[in-house]
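Notes for the structure review
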Amino acid sequence: MGAEPPAEPRIRQAARLILAIAYAGVGIVHLKSPEAFLPIMPDWVPAPRQVVIWTGVAELAGAIGLMVPRLRTAAALGLAAYAVCVYPANIKHAVDGVAIGGEVLGWAYHGPRLVAQPLIVWWALWAGGIIDWPFGQRERG
């Protein structure tokens, strides 16, 4: 019998749980209130309402997948790709000053949000166990 894999650090487990909860929450909001997201959809996105609904489904699937060991890698890759794909909507939200719920968020919100997007990509990959950077090197078997 082969050796058991090393125990996963609690910090990675916690990061994965937090990310799953965040994506599940946002996914539910996408499904319950897709109209709220329509103003930030770039004009070139076809069928924007359906895209918002499917992004909610993707967020929920990713959140669930992160918590299921055999689905974790696929979920982490999917959520990382998702974070890249929604970046144009975040840019439009910032650059066009789109009001959501009657409120225009300023650059004190948008600046950090846009800068944080690569961190969200990394977080999905790290929480999913795909990468270990910058904390160490992943052992290859």
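How each quantity is defined
- All residue numbers here refer to positions counted from 1 along the written sequence of the relevant chain.
- pLDDT decides what is reported in this predicted model: residues at 70 or higher carry local features, side-chain atom pairs at 80 or more are listed and counted, and totals for whole chains, interfaces and linings draw on all residues regardless.
- Side-chain metrics in this entry use all non-hydrogen atoms of the structure; hydrogen atoms and water are not considered.
- A helix here means a DSSP run of H or I that spans at least four residues, while a strand means a run of E at least two residues long, and both kinds are numbered starting from the N terminus.
- Any pair of residues with heavy atoms lying within 4.5 Å of one another is described as a contacting pair.
- Each accessible area is a Shrake-Rupley result for a 1.4 Å probe, and residues are judged covered by the shown protein chains and nothing else.
- Residues enter patches when they are more than 30% accessible in relative terms and free of salt bridges; like-charged ones are connected within 9 Å and nonpolar ones (Val, Leu, Ile, Met, Phe, Trp, Tyr) within 5 Å.
- In the sections that follow, a salt bridge refers to a side-chain nitrogen of Lys or Arg positioned within 4 Å of a carboxyl oxygen of Asp or Glu.
- Under the scheme applied here, a residue whose accessible area is under 20% of the maximum for its type counts as buried, over 50% as exposed, and between as partly exposed, the area being computed with a 1.4 Å probe on protein chains only.
- Note on aromatic contacts: the rings of Phe and Tyr and the six-membered ring of Trp form a pair at centre separations within 6.5 Å, being stacked when their planes are under 30 degrees apart, edge-to-face when over 60 apart, and tilted otherwise.
- Working rule for helices: expected span equals 1.5 Å times residues minus one.
- Two axes define the bend at a residue: one fitted to the seven residues ending there, one fitted to the seven starting there, and the bend is the angle between them.
- Grouping buried Ala, Val, Leu, Ile, Met, Phe, Trp, Tyr and Cys residues that are joined through side-chain atoms within 4.5 Å yields what is termed a nonpolar core.
- Lines fitted to C-alpha atoms define the axes, with helix axes restricted to the stretch in contact, and inter-axis angles between N-to-C directions lie between 0 and 180 degrees.
- Here roughly perpendicular refers to angles of 65 to 115 degrees, roughly parallel to angles under 35, roughly antiparallel to angles over 145, and oblique to all remaining angles.
- Each crossing gets its handedness from the near helix: less than a right angle anticlockwise from the far helix is left-handed, clockwise is right-handed.
- Note on residue categories: nonpolar means Ala, Val, Leu, Ile, Met, Phe, Trp, Tyr, Cys or Pro, charged means Asp, Glu, Lys or Arg, and polar means any other residue, Gly included.

Right, let's talk about the overall build of the chain for a bit. Counting its regular elements, the chain contains 5 helices and 2 strands. Along the chain, from the amino end to the carboxyl end, the secondary structure elements read α-α-α-α-β-β-α. Seen along its three principal axes, the alpha-carbon backbone of the chain occupies a region of about 60 × 30 × 25 Å. For the chain, restricting intrachain contacts to residue pairs at least 6 apart in sequence, the fraction spanning at least 24 positions comes to 59%. Carbon and sulfur atoms provide 68% of the accessible area of the chain, an area that totals close to 8,900 Å².

There is a patch of nonpolar side chains on the surface, built from Leu17, Ile21 and Met67 and spanning about 280 Å² of accessible area. As for its position among the elements, leucine 17 is in helix α1 (residues 10–32). Looking at leucine 17, the relative accessible area reads 42%, which means it is partly exposed.

On to unusual backbone geometry. Here the phi dihedral of alanine 47 falls at roughly 45°; this positive angle occurs in a residue that is not glycine. The topology assignment puts alanine 47 in the loop between α1 and α2 (48–67).

Further remarks concern the packing of aromatic side chains. The full count for this structure, using the stated rule, is 2 aromatic pairs. Seen from their ring centres, tyrosine 23 and tyrosine 82 are 5.8 Å apart, and the 80° between their planes marks the pair as edge-to-face. With a gap of 59 residues between them, tyrosine 23 in helix α1 and tyrosine 82 in helix α3 (residues 72–85) connect regions that are remote in the sequence. Each member of the pair, tyrosine 23 together with tyrosine 82, is buried. With a centroid separation of 5.5 Å and an interplanar angle of 15°, the aromatic rings of tryptophan 122 and tryptophan 126 are classed as stacked. One end of the pair, tryptophan 122, and the other, tryptophan 126, are both in helix α5 (residues 107–127), 4 residues apart, so they sit about a helical turn from each other.

Next up on the list: α5. Structurally, the α-helix is built with 3.6 residues per turn, so residues lying three or four positions apart point the same way. Given a rise of 1.5 Å per residue, 21 residues ought to cover 30 Å, and the 29 Å separating the end C-alpha atoms of α5 matches this to within 8%. Of all the bends found along α5, the most pronounced is centred on glutamine 117 and spans about 35°, while proline 118, a proline, follows it within four residues. Of the surrounding secondary structure, the elements contacted by the buried residues of α5 are α1, α3 and α4 (87–95). Of the residues flanking the end of α5, it is glycine 129, one or two places downstream, whose phi is positive at about 80°.

Another point: the nonpolar core. Ranked by size, the top nonpolar core spans 16 residues in total, and within it Leu19, Tyr23, Leu66, Leu79, Ala80, Val121 and Ala124 carry the most contacts. If you list the elements that add at least two residues to this core, you get α1, α2, α3 and α5. If we ignore the near neighbours within four places in the chain, the residues touching alanine 124 are Leu19, Ala76, Leu79 and Ala80.

This part is about the packing of α4 against α5. Contact pair α4 / α5: the axes reach a minimum separation of 10 Å and the direction vectors enclose 160°. Comparing their axes, α5 and α4 come out roughly antiparallel. Note on packing geometry: the crossing formed by α4 with α5 is left-handed. Note on element contacts: α5 touches α4 through Trp107, Tyr109, His110, Arg113, Leu114 and Gln117, opposite Tyr87, Asn90, Ile91, His93, Ala94 and Val95. Considering only residue class, the contact of α4 with α5 consists of 7 nonpolar, 4 polar and 1 charged.

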